[in-house]
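# Per-entry structural report
For reference, the chains in residue letters:
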Amino acid sequence: MSDDHSRAVDDANRSRPATEDSYGIPDDENGLLPWGFVGEMLAGDRSYWTTTVRPDGFPHVRPTWGVWVDGAFHCGGGEGTRWVRNLERNDAIVVHREDAEEVVILEGRAERLDEETAGAELLERLEAAYEEKYDVRHGTPFFRVRPDVAFAWSEFPTDATRWTFTDGR
């Protein structure tokens, strides 16, 4: 288990999502999913839905590729794309699996990773992960998603789980 993964688990409070009673989410903690479910689902997917915030405040949703490296989700795109330009102004991001049955949602901040902000070893691990998964070299920038909150379930409502992070992610 990597240090980043350990911190994610250690700095998270695992609980039930808060919603109205009609959804039937249990009150107790029996059946909560482990953090490993999040990593397993995100690592196995090919495409993801990402949401950023346009300069006018409206959401911008698009499909993207991504990789799970060092216990965190990473994605990237060209400097001229709308969603990367959005992240330059506002680092808020939401990532959602394509699957609506086995759900993982990350809500948080995107940390830019490039030659000025990240070490060469990390950038090479990200490049290698993209090449293995998509058969292409990606190039910078990458963005590491630092969740403030994460949600997951595979048998809604019985295993609906929320993680809230205390380290500002």
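As a starting point, this report considers the structure included with it.

### Considering the overall build of the protein chain
- Summing up its helical and strand segments, the protein chain has four helices and nine strands in all.
- Mapped from its N terminus to its C terminus, the protein chain presents α and β elements in the order α-β-α-β-β-β-β-α-β-β-α-β-β.
- Against the globule reference of 15 Å for 169 residues, the protein chain gives a C-alpha radius of gyration of 16 Å, in line with a compact fold.
- Each principal axis of the C-alpha distribution contributes one length, and for the protein chain these read about 45 × 40 × 30 Å.
- In the protein chain, buried positions account for 44% of the 169 residues.
- Restricting to contacts in the protein chain with at least 6 residues of sequence separation, those with at least 24 account for 62%.
- Counting 19 positive and 35 negative side-chain charges, the protein chain places the centres of these two groups 5 Å from one another.

### Remarks on unusual backbone geometry
- The omega torsion of the bond from Thr140 to Pro141 falls at 10°, within 30 degrees of zero and hence cis.
- Structurally, the position occupied by Pro141 is in the loop between helix 4 (120-134) and strand 8 (142-153).
- With an omega dihedral of 5°, the bond running from Phe156 to Pro157 counts as a cis peptide bond.
- By the element assignment, Pro157 lies in the loop between strand 8 and strand 9 (161-165).
- Even without being a glycine, Asp135 presents a positive backbone phi close to 65°.
- Mapped onto the fold, Asp135 is located in the loop between helix 4 and strand 8.

### Points about helix 3 (residues 82-89)
- Regarding helix 3, the residues found buried are Trp83, Val84, Asn86 and Leu87. Buried residues in helix 3, looked at end-on, bunch into an arc of 155°, giving them a common side.
- The inward-facing, buried residues of helix 3 contact strand 2 (48-53), strand 3 (59-64), strand 5 (72-76), strand 6 (92-97), strand 7 (103-113) and strand 8.

### Let's talk about the nonpolar core
- In terms of nonpolar packing, the biggest core is built from 34 residues, with Val38, Phe73, Ile93, Val104, Leu106 and Trp163 touching the most fellow members.
- Setting aside residues no more than four positions away along its own chain, Ile93 makes contact with Thr51, Thr52, Cys75, Trp83, Leu87, Leu106, Glu107, Gly108, Arg109, Ala110 and Val145.
- By size, the runner-up hydrophobic cluster in this structure holds seven residues, among which are Ile105, Val149, Phe151 and Ala160.

The rules we used
Residues numbered from 1 in each chain as written. Predicted model: local features only at pLDDT ≥ 70, side-chain atom pairs only at ≥ 80, totals over all residues. Heavy atoms only, no water. Helix = DSSP H or I, 4+ residues; strand = E, 2+ residues; numbered from the N terminus. Rg over C-alpha atoms; globule rule 2.2 N^0.38 Å. Buried < 20%, exposed > 50% of the residue type's maximum accessible area, 1.4 Å probe, protein only. Contact = heavy atoms within 4.5 Å. Lys, Arg positive; Asp, Glu negative; His and termini not counted. Charge placed at Lys NZ, Arg CZ, Asp CG, Glu CD. Arc of directions from axis to C-beta. Core = buried A, V, L, I, M, F, W, Y, C linked by side-chain atoms within 4.5 Å.

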